[in-house]
Every structure is written in structure tokens, then in C-alpha cells.
Amino acid sequence: MRFFFKTDYVQDIRLFRDKVDTFWYALLGLAVIALPLVLIALEEDYFIGEITWVFIYGICGLSLMVLVGFTGLVSLGHAAFLGIGAYAHAYFIQHGVPFSGAIVLAIIITTLAGILVGLPALRMTGIYLAIATLAFAIIIQEVFSRWESVTHGFAGMPVEKATVLGFSFEDDTAFYYLCLFFLVLALWLTKNLLRSPTGRAWIAIRDSEIAAQSMGVNLALYKTMAFAYSAGLMGMAGALFAHKIAYLAPDIFTVILSIQLLLLVIVGGLGSLHGAIFGAIFVALLPPTIAILRDYLPEAISRQPGLEAGIFGLILVLVILFEPLGIYGRWMKIKLYFSMFPMYKRATFKRQKSYMKSERLR
Amino acid sequence: MTFFKADGLAINFGGIKAVDGVTFEVKKGEIFTIIGPNGAGKTTIFNLVSRIYEASEGKLVFEDRDITRTPPHQIAKLGIARTFQNIELFEHATLLQNLLLARHAHKKSGFFGELLFTPGVRKMELEHREAVEKVIDFLDIQQYRDTYIVNLPYGVRKVTELARALCTDPKLLLLDEPSSGLNVEETADMAFWIQDIKNLLGVTVLMVEHDMSLVSAVSDRVLALNYGRMLAQGTAQEVQTHPEVVRAYLGG
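What counts as what
Residues numbered from 1 in each chain as written. Chains lettered and ligands numbered in written order. Predicted model: local features only at pLDDT ≥ 70, side-chain atom pairs only at ≥ 80, totals over all residues. Helix = DSSP H or I, 4+ residues; strand = E, 2+ residues; numbered from the N terminus. Rg over C-alpha atoms; globule rule 2.2 N^0.38 Å. Buried ≥ 20, exposed ≤ 12 C-beta atoms within 10 Å, placed from the backbone. Contact = placed C-beta atoms within 7 Å. Pairing = 2+ DSSP bridges. Axes fitted to C-alpha atoms, helices over the stretch in contact; angles between N-to-C directions. Domains from an automatic or database assignment. Nonpolar A, V, L, I, M, F, W, Y, C, P; charged D, E, K, R; others polar. Parallel < 35°, antiparallel > 145°, perpendicular 65-115°, else oblique. Left-handed = near helix turned anticlockwise from the far one by under 90°. pLDDT = per-residue confidence, 0-100. Expected span 1.5 Å × (residues − 1). Bend = angle between axes of the 7 residues up to and from the residue. Core = buried A, V, L, I, M, F, W, Y, C linked by C-beta atoms within 7 Å.

Let us now look at the overall build of chain B. Regarding its fold elements, chain B presents 10 helices and 10 strands. The C-alpha radius of gyration computed for chain B amounts to 19 Å, which stays within 12% of the reference 18 Å derived for 252 residues, consistent with globular compactness. Burial statistics for chain B: of 252 residues in total, 44% are counted as buried. Counting contacts in chain B only where the partners sit at least 6 residues apart, residues at least 24 apart contribute 66% of the total.

All right, on to the sheet that holds strand S9 (residues 221-226) of chain B then. All names here are of chain B. One open sheet accounts for 6 strands, arranged S6-S7-S8-S3-S9-S10; its pairing is mixed. Edge positions in the sheet fall to strand S6 (80-82) and strand S10 (229-234), since each of these pairs with one other strand and no more. Neighbour-to-neighbour, the strand axes of this sheet turn through a mean angle of 15°, independent of strand direction. Where S6 and strand S7 (residues 172-176) come together, 3 bridges link them in parallel fashion. For Ile80, the partnering residue across the bridge sits in S7 and is Leu172. The sheet contacts of helix H7 (residues 184-199) involve strand S3 (31-35), S7 and strand S8 (204-208), and relative to S8 the element is tilted by about 150°.

Turning our eyes to something else, we now look at the domain arrangement of chain B. Residues and elements named next belong to chain B. Under the domain assignment used here, chain B contains domain 1 (1-79 + 170-252) and domain 2 (93-167). For domain 1 versus domain 2, the distance between C-alpha centres works out to 26 Å. Listed by partner, the interface residues are 9 residues for domain 1 and 8 residues for domain 2. Among the elements of the structure, helix H2 (75-78) and H7 are those that each provide at least two residues to the side of domain 1 that touches domain 2. Its residues assigned to classes, the side of domain 1 that touches domain 2 comprises 6 nonpolar, 1 polar and 2 charged.

Let us now look at the environment of Leu185 of chain A. All names here are of chain A. When you line up the elements, Leu185 lands in helix H7 (residues 172-194). Exposure remark for Leu185: the 12 C-beta atoms within 10 Å place this residue in the exposed category. Taking the C-alpha atoms as reference points, Leu185 and Ile203, separated by 18 residues in sequence, lie 22 Å from one another.

All names here are of chain A. Two elements in contact, helix H2 (residues 46-70) and H7, have axes whose closest approach is 9 Å; the angle formed by their N-to-C orientations is 20°. Considered as vectors, H2 and H7 are oriented roughly parallel to each other. Between H2 and H7 the crossing geometry is left-handed. Taken together, the residues of H7 that come into contact with H2 (itself represented by Ile48, Gly49, Ile51, Thr52, Phe55, Ile56, Gly58, Ile59, Leu62 and Val66) are Asp172, Thr173, Phe175, Tyr176, Cys179, Leu180, Phe182, Leu183, Ala186, Leu187 and Thr190. Residue classes in the contact of H2 with H7 are distributed as 15 nonpolar, 5 polar and 1 charged.

Now for the confidence of the model for chain A. Across chain A, the average pLDDT comes to 87, with 94% of residues at or above 70. This model gives residues 351-362 of chain A a pLDDT under 50, and the stretch forms 20 contacts once residues within four places in sequence are excluded.

What follows concerns helix H12 (residues 273-294) of chain A. Residues and elements named next belong to chain A. An ideal rise of 1.5 Å per residue puts 32 Å on 22 residues; H12 measures up with 32 Å between its terminal C-alpha atoms. Roughly 40° is the biggest bend found in H12, and it falls at Leu285, with proline Pro287 one to four residues downstream. Here H12 has its buried residues at Leu273, Gly275, Ala276, Ile277, Phe278, Gly279, Ala280, Ile281, Phe282, Val283 and Ala284. Those residues of H12 that are buried are in contact with H2, H7, helix H11 (255-268) and helix H15 (326-340).

Before going further, it helps to examine H2 of chain A. Owing to its 3.6 residues per turn, the α-helix aligns residues three or four sequence positions apart on the same side. Residue and element names in this part refer to chain A. Taking 1.5 Å as the rise per residue, H2 with 25 residues should run 36 Å; its terminal C-alpha atoms sit 35 Å apart, in good agreement. Where H2 bends most, the angle comes to about 35°, and this point is Leu64. Counting buried residues along H2, 20 of its 25 residues qualify, which places the element largely inside the surrounding structure. Two residues or fewer past H2, Gly72 is found with a positive phi of approximately 75°.

Moving on to the interface of chain B and chain A. If you look at the interface, chain B gives 34 residues, while chain A gives 30 residues. Listed by contribution, the elements that provide at least two residues to the side of chain B that touches chain A are H2, helix H3 (95-101), helix H4 (111-116) and helix H5 (119-139) of chain B. Element by element, the count of residues in the side of chain B that touches chain A is highest for H5 of chain B, at 5 residues. Here the residues of the side of chain B that touches chain A are counted per class, giving 18 nonpolar, 7 polar and 9 charged.

Turning our attention to the nonpolar core. The biggest cluster of nonpolar side chains holds 168 residues, and the ones touching the most others in it are Ile56, Cys60, Ala204, Ala237 and Leu264 of chain A together with Ala224 of chain B. Both domains that furnish three or more residues to this core are identified here as domain 1 (1-79 + 170-252) and domain 2 (93-167) of chain B. Here Ala224 of chain B is in contact with Ile35, Gly36, Leu231, Ala232, Val239, His242, Val245 and Tyr249 of chain B, once residues within four sequence places are set aside.

Strand pairs in the sheet, formed through backbone hydrogen bonds, run parallel or antiparallel to each other. Residues and elements named next belong to chain B. If you walk across this open sheet you meet the 4 strands as S2-S1-S4-S5, and the pairing is antiparallel. In the strand order of this sheet, the two ends are held by strand S2 (16-26) and strand S5 (65-66), each with one partner. Sheet strands touched by helix H1 (residues 42-49): strand S1 (4-13), S2 and strand S4 (57-62). Its angle to S2, the strand with the most contacts, is close to 70°.

This is the structure:
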């Protein structure tokens, strides 16, 4: 068991808690950087592309985590922001804007879209907000298919590979590092917000709007900010998404994708940045895992249509039933088990069967 | 100078007059208590002062400034803080985070500075932390600093709410039933703290309370309400012996 001795206030606002944590995160960073080289050596290049999806979904996860996990506003329309980011980025790339300019413009446009959605959403919470964002997503999907001069409708829109400052990211391994860079950037920015007054105001709104207001938090402003920031991150993810998928069509950004993104944060664990990453690993790596398992399953099961969706749903039900804090909650328990070994008591977490409150006194 | 004044305050919910023409003045540096039976409109007055409810009639004045139409999130900045009858802490955050949030009214950093966590933001965070630590020492809750509120016992939560209100650096502190749910010993502690808040920190206290021993121990003046109307006003002794108050509330 490790004890954290605090001798300085700075210790509570550092990025990493102490030297031991810094060491482990540095090790994780090195492992992630070395991973493609190992995979190439093993001739398993296919997985480089799959893990790139983890990074892109990781940014999506952070986006929704800020909104759902930290501010307590549920959105069922985030695929629309992803789509706006992707189409905006692809459109600017097509019109000769370089990558860095296009991604910044894509982020600005999605942020503005986020503010627009956030404004009417100020008066709604819980299920009503979810329905409003759902309606927004459906409208935007319609826009994607009808606004042919920009999106090319159902004919689709090819997206060339990314080229940043003359350097081509055509290669899967190069694109892997590009996405990794943006994920780390998104993590850093989000962590910065969470350790400053804005992040605390979001958490306060989630747990008790009335108290947050009485402590001086402008509810309208901070809810709009949460929406705007969340949408902006989605725009960033969307730009990478466009390059990754290489061909944009309106039927990619469906309600199903929105729901999948929401599941990502719930399965990962609401209210933690770790949860967004765990959720991304789950969402991005489940389909290839199922594809591999198919070969070993009896034919009657493996050839069932909707196997993937079924397993997805089953896992979600099990998570909500047995681990409301998601994969991150389980991770904490495993960590505690080893750090307390052999003294761990099952009862340690017994009392904490409380769910994230999003609909308290208004 | 008027420190705090409610003038002809009234609010209707449909046909019910929850508060009806209540007028009182709180002087700087005193402890003013509102008593009355359930549903008398005590908490409604608090919600009117912290601007969660819109007054139908009447005026609220704080430090010569009319705050009847001030947006609720600016009340804290003016120097009015409150606690809640049914604890409204941020449950899935640590005690420290709860207290730091109370510094929100004093925040000077902008969104982009915080996004990059500039040295200026870092310095400001440390200043907030120092202010918060003073309150932690004052109320003796050092050991719970990093505990999540969900894991704290009720008595400590009650103290945490008081601490959070103090962290806003208030001039006027609204305490909504500070002793409800506390045992005898904790209530005695609360009485000491309320007196210390007045004497050491120089904060004026407006309080709603049912425990008459606490009321008479700390209050400078008491206002009794029933059905949203004023029954009596004066020292604790005077109000407690007022025949109307005895009939409507205290019994005897």
C-alpha cells in the first residue's frame, strides 16, 4: 500500500500525482509509441489501423465525457458533431486548404454548432435534452444527404490522405502517430480545464444546479461552454475520422453511432478521463475481437445477423447492473486489490452503490 | 447605510401566499434568526434572497444596492452565501473540490488561459487553495480533505456546507437549519462556530432554525413567521414569550 504524503499545494494541481504515477504514464507512453514497430515486426500491420480507431474514439469519448460525465447533460446527437467536423474538414481539404488550417476551421465550425445546440438546451435536462439532441442529429443527417454542393449527398465524398506541412501521412503507421498526437493534446487540454475553475463549475452543475448557482456559477454560460467544448473536440475527432474512413457518406453519421458513442462513456466509466479511453478501447476493439472469435464459434451462432449489436447490448446491461462506474470502476478495484494484498476486503466498495446523478433539484 | 433589508417581501405560488409582506432589517455584525412552524415561508425567504425565486412584490436591499432583480449567480459575488436545508453538496467530488468551487465568484481567469493552464492560472489556483485551507483549519475538517462527499457522514456534510459557504468570503451568511439532523454535541459545536463566524470573521448571519436552545444561545434578534406573515420580532426572550408565537409555534 502506497501513501501519498502531501507537503505542498502544488501536488494537488499537478498533471500526475507523484513520481510513481509519472513513471507509469511515461512507460505507457513509450509502449504506445513502440507498439506499431512491434506489430510491424510481428507482421500484424492490420492492428495498427484498428488501434488508430481507439485514438479517434478516445477523442470522441473525451468530448462526451465532458458533457455527460462531468456536466451531467445527456446528448444523443453527438454523431452529428462528428459528421459536421468530418464534412467541414473534407470540404476545406478539397478546396485546397492545408491540413492544419482545415482542422482548425472544422473545430471552429463544430464549436459554433455546439453553441447553437447548447442555447435551446439550456432549459432542458435529462430525457428532454436527450430527445432534443436526437432531433438535432436527425436534422443534421438530413442536411448531409441534401446539401449536395458541399457534401455530395449519397454519392459520397472521397477524402484524400492527410498531408501536414508537406509530410504525407498516407502510411498507416504515420497516421497512427498523428492521431496519437491529437489524443494526447485533447487529454491535456481537458485535464487542464478539469483542474481549473471551469471544470469544477461543470462538476458542480452535474451534482447540484441550485448550489452551483448560489456559489456564483452562471448556469447558462457554463452549460453552453460545455456544449461548445464538447462539440469542438468532436470536430477534431471528425477531421481525423474523415481521413481514416477515406469516404464520407450521410449514412455513417446515424443515430446508431450517437448511441454507440454514449455507450462508450457509460461502459468506460462516467466521470473520469480514464473512462473515456477505456470506453474507446472497448468500442474500437470489440468488432475485430468478435470477428476473430467468429472463427471459433459454432456456425449456428457465428452466422447470426446482429451478433455484434447483441453482444454490445449484453455487455452494456451487465455493466450497468454490476459496475455502474464502468471499466474504470473495475480498474480501480483491481488496483486496490493488488496494493492492499492480501488485506483487500470485498466490502470496501459495498456502500458506494450510487449512480451518477444528472437529474437533481433544479 | 442599510446592510440588509427586506421590504414588503411577497411571493405567490398559484393562489398560495407563501410569503406575505415580510419586512425586516439585518444589521451588520448581528445574528438574526427566523423561526416558525413548517410551511411558514422561512426557506422561501432564503430562496428569494438568493434569487432562486422571483419576488412578486417588495424589495431586497443589500449594502444600499437593490438586489431584487440581480441574476442569481451574481449574488455570491456581492457577498451573500448560503447553506441548504437538505444538503446540496457536490456529492461526486472531494470535499476540497467542493470548497474550491465556492471560490468561483472570485475567479479571474478566462477560458483559454485555463485550457492551457498558464502560470497565471496556476498562481490563482494556489491562492484559492490558501483561502480554502484557512476555512478548513477554522472548522477542523483537515482529515476529510480528499474524501468524496458520498462517503462522508451526515454531520461532517453539514459542516462542509458551512465551510463551502464561508469559502466565498461572504459578508452575509444564510444558514438554513444548521442544526437539523445533528446530535446534541454536534449542535453545541455548531453554536460555537456560528458565534465564532460572527465574532472572529465578522460575518453577519441570517439563520432559519427550529432548535430553540440554539436560537436563544446565539441570536441577537429573532423574527417569528406563520403562514408567510410576521408574528413577532425582537430578542429571543421577547419572541419566545410572545403569546401569538407560543400559540402558533412553541406551544405551552
